[in-house]
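What the coordinates show
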Amino acid sequence: MTSFKHPAPVPCGEIPEGERESEAERIVGGVVTERGEHPWVAGLVWEGEGAVWCGAVLVSRSTLLTAAHCAQSRERGRGRPIRRKITKIRIHENYDPLSLSHDLAVLGVEEVVGSEVVVPICFPSPNESYADRPGVVAGWGRTEEGGAMSSALREVQVPILSNQECSHLYPEGVITQAVVCAGAEGRDACQADSGGPLVVGVGTRRVLVGVVSWGRGCGRPDSPGVYVRVSSCGESSAPPQRILGGSEVRLHEFPWQVAIVGYYKVRPFCAGVLLSDTWVLTAAHCTHEMHHDDQVLVGEHKWSSARDTNLTVRRNIAQVLVHHAFNQHSRMDADVALLRLASPVPLGRAAMPICLPEGGQEFTGQMATVTGWGSVSSCE
């Protein structure tokens, strides 16, 4: 449901000019960062307050990754920080609050304008472990175990261990392929750094290797920090949502296609198909995080432009019917739902219901067409 697309022309993981040759010397054992040095780092705060209680990392203009345990219990840089409300929370379906397995969550925020203040991070290369590479972790957490919180963003360079090496330092079965270990005595993340990024420099950019999850104290000997490993393109945290190998459609070429958006928003977080002037078919997992005031756009084409069509209509959702067999914690069986619109949409060139197949029809071996507003490559 959540796309990790980096909208053009904002580059991902770009290290600011003048700082590409410097790395952190040692936010236990760390140093205060330069303003704007980590423009993908975000801090989670309570509304109206300024104290950061968890970290996060920007992966698109409107999506953040953080630790699931932060999401269960909201950005800073060169120039003035930008504050955005969290609009969606999606916790990894396999998250276990006791073992902190799959300790990852996706946060949707009101869109952040791309600038040197906020730049999305890049995702790592597939199957790259980054073991024996120096990583950098940043946050506003405690500067020593049991110590004070930092009021300024700090960073520390930490060595990344192989999973085999790390498994000898923790009880059997704790270190799995879903995590990555990093840190050394006196150099580590600490309390309130949870959810923040562990990044590695690749050329002039930095890529996201892990998200701060847990550790045994802070900066202790033989006790590296444990991070949730971020698979390439976020595949460990959300199902893929993208149109690969496709092309832009003609205006109103698919008049049954609808966009599901936040209240008076334009960027779709899910899509659906028009069955009649008042009913829409969509995926059940799209409804799991819906707000009561989410809406449907019918006749939409290019959501980033208001000039391409004047036939788009917006409707409130009056009723949501989820398939009784759907279970978001299973294999997404019966992942289907119906949305009843609050009022009918005018049918015509820009809005036309799709035909449903007859019962028992078989389409195996036939070519099909899928449409949507999702990411356009496997690494967006």
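Structure's up top.
The structure contained in this document is the topic of the report that follows.

A word on the overall build of the chain. Counting its regular elements, the chain contains three helices and 18 strands. Surface summary for the chain: the accessible area is close to 18700 Å², and the carbon and sulfur share equals 51%.

Moving on to the pattern of salt bridges. Pairing between side chains becomes possible if they bear opposite charge and their charged atoms approach one another. Under the defined criterion, the tally for this structure stands at four salt bridges. The partner of Arg 220 in a salt bridge is Glu 145, and the shortest N-O contact between them spans 2.6 Å. Of this pair, Arg 220 sits in the loop between β11 (205-214) and β12 (225-229) while Glu 145 is found in the loop between β7 (134-139) and β8 (154-161), placing the two residues 75 residues apart along the sequence. Where Lys 302 meets Glu 248, a salt bridge forms, and the shortest distance between an N and an O atom there is 4.0 Å. Taken as a pair, Lys 302 in the loop between β16 (295-298) and β17 (313-322) and Glu 248 in the loop between β12 and β13 (257-261) lie far apart in primary sequence, 54 residues in all. When its relative accessible area of 57% is taken as the criterion, Glu 248 is described as exposed.

Attention shifts here to the pairing of strand β14 (residues 270-274). Where burial is concerned, most of β14 is hidden: four out of the five residues are buried. In terms of strand pairing, β13 meets β14 through four bridges, oriented antiparallel. By the bridge assignment for β14, Ala 259 is matched with Ala 271. Of the pairings in the sheet, the one linking β14 to strand β15 (residues 279-282) comprises three bridges and is antiparallel in character. Residue pairing for β15: Leu 274 is matched across the bridge by Val 280. If you look at the hairpin formed by β14 and β15, you'll find four residues sitting between the two strands.

Here we take up the environment of Ser 304. The topology assignment puts Ser 304 in the loop between β16 and β17. Separated by 38 residues in the primary sequence, Ser 304 and Val 266 place their C-alpha atoms 7.4 Å from one another.

Before going further, it helps to spend a moment on the packing of aromatic side chains. Here the structure, examined in full by the defined rule, presents three aromatic pairs. When the centroid spacing of 4.9 Å and the interplanar angle of 90° are considered together, the rings of Tyr 263 and Tyr 264 count as edge-to-face. Judged by relative accessible area, Tyr 263 falls into the partly exposed class, the value being 47%. Seen from the ring of Phe 269, Lys 88 lies directly overhead, with NZ or CZ sitting 4.0 Å from the centre.

The rules we used
Residues numbered from 1 in each chain as written. Predicted model: local features only at pLDDT ≥ 70, side-chain atom pairs only at ≥ 80, totals over all residues. Heavy atoms only, no water. Helix = DSSP H or I, 4+ residues; strand = E, 2+ residues; numbered from the N terminus. Areas by Shrake-Rupley, 256 points an atom, 1.4 Å probe, with all protein chains shown as cover. Salt bridge = Lys/Arg side-chain N within 4 Å of Asp/Glu carboxyl O. Buried < 20%, exposed > 50% of the residue type's maximum accessible area, 1.4 Å probe, protein only. Pairing = 2+ DSSP bridges. Phe/Tyr/Trp six-rings, centres within 6.5 Å; stacked < 30°, edge-to-face > 60°. Lys NZ or Arg CZ within 6 Å of the ring centre and 35° of its normal.

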